[in-house]
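Residues per chain, in single letters:
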Amino acid sequence: QRSRWALLARWAHHYDWNAAFKTSYRFYTDDWGVHAHTLELEYDHHLGSDWIVAPEVRLYTQSAASFYAPILAQARTYASTDYRLASFWSALGGLRITRSFGPFSVYVEGTLQTQTGRNRITVGPVGGVGRGEEGEGGLGTLATASTSPADLNVFTLTFGFKRSF
């Protein structure tokens with residue numbers, strides 16, 4: 001069983017120069033201990049009657065579920081290593097260009113998202129195992145890395161078609 005609650009606030013304003021600014025804020029919480037904040041900003045600018053250019057920014061942060069662990073060292077009644085339940089933040093930036101043809105429109109949109117987990121795992125030593133002979137060192141240390149299962153960088157390119165009724 002899971003109970004979830006969300007509060008959403010939106011605001012938009014149209015400007016006389018054929019533009020609109022849209023923003024929203026969402027607060028989310030659940031009984032698993034996850035608390036999240038999302039802030040979205042979008043600016044639509046009409047270039048003539050047929051073109052729209054729309055940059056966007058989205059910022060997101062969440063806390064980890066109470067039963068999340070990046071590594072399970074011992075058995076627990078409720079536990080998960082699912083990175084979607086980890087504590088992380090995310091930033092997305094994008095640009096959409098739309099061309100209208102009467103009731104039809106086509107668009108292309110590109111977004112770049114980066115996400116960084118707050119639960120870092122230090123991996124190391126990194127390297128190979130030597131032959132184990134005297135003076136040859138056994139496990140060699142080349143580097144150590146700090147990472148999170150929630151880390152990602154994604155570029156998305158979308159093409160679309162819409163018809164207005």
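For the structure, check the block above.
Presented here is a report on the structure given in the accompanying data block. (Residues numbered from 1 in each chain as written. Predicted model: local features only at pLDDT ≥ 70, side-chain atom pairs only at ≥ 80, totals over all residues. Heavy atoms only, no water.)

## What to know about the packing of aromatic side chains
Following the criterion strictly, the structure yields 5 aromatic pairs and no others. Aromatic side chains Trp 32 and Phe 67 sit 5.2 Å apart centroid to centroid with 75 degrees between the ring planes, which places their arrangement in the edge-to-face category. In this pair, Trp 32 sits in the loop between β2 (19-30) and β3 (35-47) while Phe 67 sits in the loop between β4 (51-62) and β5 (88-101), placing the two residues 35 residues apart along the sequence. A relative accessible area of 25% places Trp 32 in the partly exposed class. Residue Phe 67 is classed as buried on the basis of its relative accessible area, which comes to 17%. Ring centres 5.8 Å apart and planes at 25 degrees place the aromatic pair Phe 104 and Phe 161 in the stacked group. (Phe/Tyr/Trp six-rings, centres within 6.5 Å; stacked < 30°, edge-to-face > 60°. Helix = DSSP H or I, 4+ residues; strand = E, 2+ residues; numbered from the N terminus. Buried < 20%, exposed > 50% of the residue type's maximum accessible area, 1.4 Å probe, protein only.)

## Things to note about the pairing of β5
Two faces, one strand: in a regular strand the side chains alternate between the faces of the sheet. Sheet topology places β4 next to β5; 12 bridges connect them, and they run antiparallel. What sits directly across from Arg 58, in β5, is Leu 92. Note that β5 and strand β6 (residues 104-117) share 14 bridges and pair antiparallel. The partner of Thr 98 across the bridge, within β6, is Tyr 107. Linking β5 back to β6 in an antiparallel pair, the connection comprises 2 residues, with Gly 102 at a positive phi of about 65 degrees. (Pairing = 2+ DSSP bridges.)

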